[in-house]
Amino acid sequence: MFYFLFRAVVLVPLLRWVFRPRVEGMEHVPDTGAAIIAGNHLSFCDSFLMPVMVRRRVTFLCKSEYFTGRGLKGRLTAAFFRAVGQIPVDRSGNGAGRAAVETGLKVLGGGELLGIYPEGTRSPDGRLYKGKVGVAEMAIRSGAPVIPCAMIGTFEAQPIGRRLPRLVPITIRFGEPLDFSRYAGMEESREVLRAATDEIMYALLKLSEQEYVDEYGSKARARAGAGPAPTALTPRPQAA
């Protein structure tokens, strides 16, 4: 109840007034039933702008650091994420990916919308990076469709390291749902998971018109302090 009240009274009017985002393809988001909204990840504000445009509640799996900060800022951040129903996931340790998948499946099992970023982290340079296969496993095991969602302009608004966003034109573009029912029962196959994930990333690529890098974004971010980001682009992921 608090989520919908806070969303209607505070978030929606504030973000729509400040950013005035343009929304395309909202008809692709189902009115009922479980579905995965898989988005590119360019900015901290992605997790606020997209959900307030969707009529239904979208639950994101958030890094646990958002819930464990110290001081007044840390407590306010944690309270905010709890208030809007986001779920903390510990991304440290070898079992982090498995925990995220199982938590996501619980959300989908309740017939809800699950928001996820297949890249696993924000893009360091505005390009689209290789997707991790957890999104494909959740889609195949749950049977839920995947709705690709491209955030356009949020990198220019608030790239990594910028605290306050710039007011620039932003577009939120939803694509046609992707159905992976043909892979039912094949979630143990690494080749199947990679093929399904690449199909999702290809859909995001077409929607966002970003450049694609066949490398995990986490590696690019880790290397960012040692020199400039790579400029050579690899072939685009191919639809399955």
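Above this text you will find the structure in question.
The following refers to the structure shown. The shown structure was predicted, so the numbers you read here are calculated from the model rather than taken from an experiment. (Residues numbered from 1 in each chain as written. Predicted model: local features only at pLDDT ≥ 70, side-chain atom pairs only at ≥ 80, totals over all residues. Heavy atoms only, no water.)

Our next topic: unusual backbone geometry. With a phi angle near 60°, glutamate 209 is a residue other than glycine that sits in the positive phi range. Within the element layout of this structure, glutamate 209 appears in the loop between α7 (190-208) and β9 (212-216). On the basis of relative accessibility, which here comes to 67%, the residue glutamate 209 falls in the exposed class. (Helix = DSSP H or I, 4+ residues; strand = E, 2+ residues; numbered from the N terminus. Buried < 20%, exposed > 50% of the residue type's maximum accessible area, 1.4 Å probe, protein only.)

A separate point is the sheet that holds strand β3 (residues 58-63). Spatial ordering of the open sheet is given by β1-β8-β7-β2-β5-β3-β4, a layout of seven strands whose pairing is mixed. The sheet terminates laterally at β1 (22-24) and β4 (87-89), the two strands that pair on one side only. Recorded for the sheet is a direction-independent mean angle of 25° between the axes of neighbouring strands. In this structure, β1 lies alongside strand β8 (residues 171-174), joined through three bridges in parallel fashion. The partner of valine 23 across the bridge, within β8, is isoleucine 172. (Pairing = 2+ DSSP bridges. Axes fitted to C-alpha atoms, helices over the stretch in contact; angles between N-to-C directions.)

Considering all chains together, one arrives at two cavities of 30 Å³ or more under this definition. Estimated volume of the second largest cavity: approximately 40 Å³. As for the second largest cavity, its lining consists of Ile37, Gly39, Asp46, Met50, Phe60, Ile116, Tyr117, Cys149 and Met151. Looking at the lining of the second largest cavity, the elements with two or more residues in it are β2 (35-39), α2 (46-53) and β7 (146-152). Classifying every residue of the lining of the second largest cavity by side-chain character gives seven nonpolar, one polar and one charged. (1 Å grid on protein atoms, 1.4 Å probe; cavity = no way out; pocket = protein on both sides within 12 Å on 5 of 7 lines; lining within 4 Å. Points joined across faces, edges and corners; volume = space filled by probe spheres on them. Nonpolar A, V, L, I, M, F, W, Y, C, P; charged D, E, K, R; others polar.)

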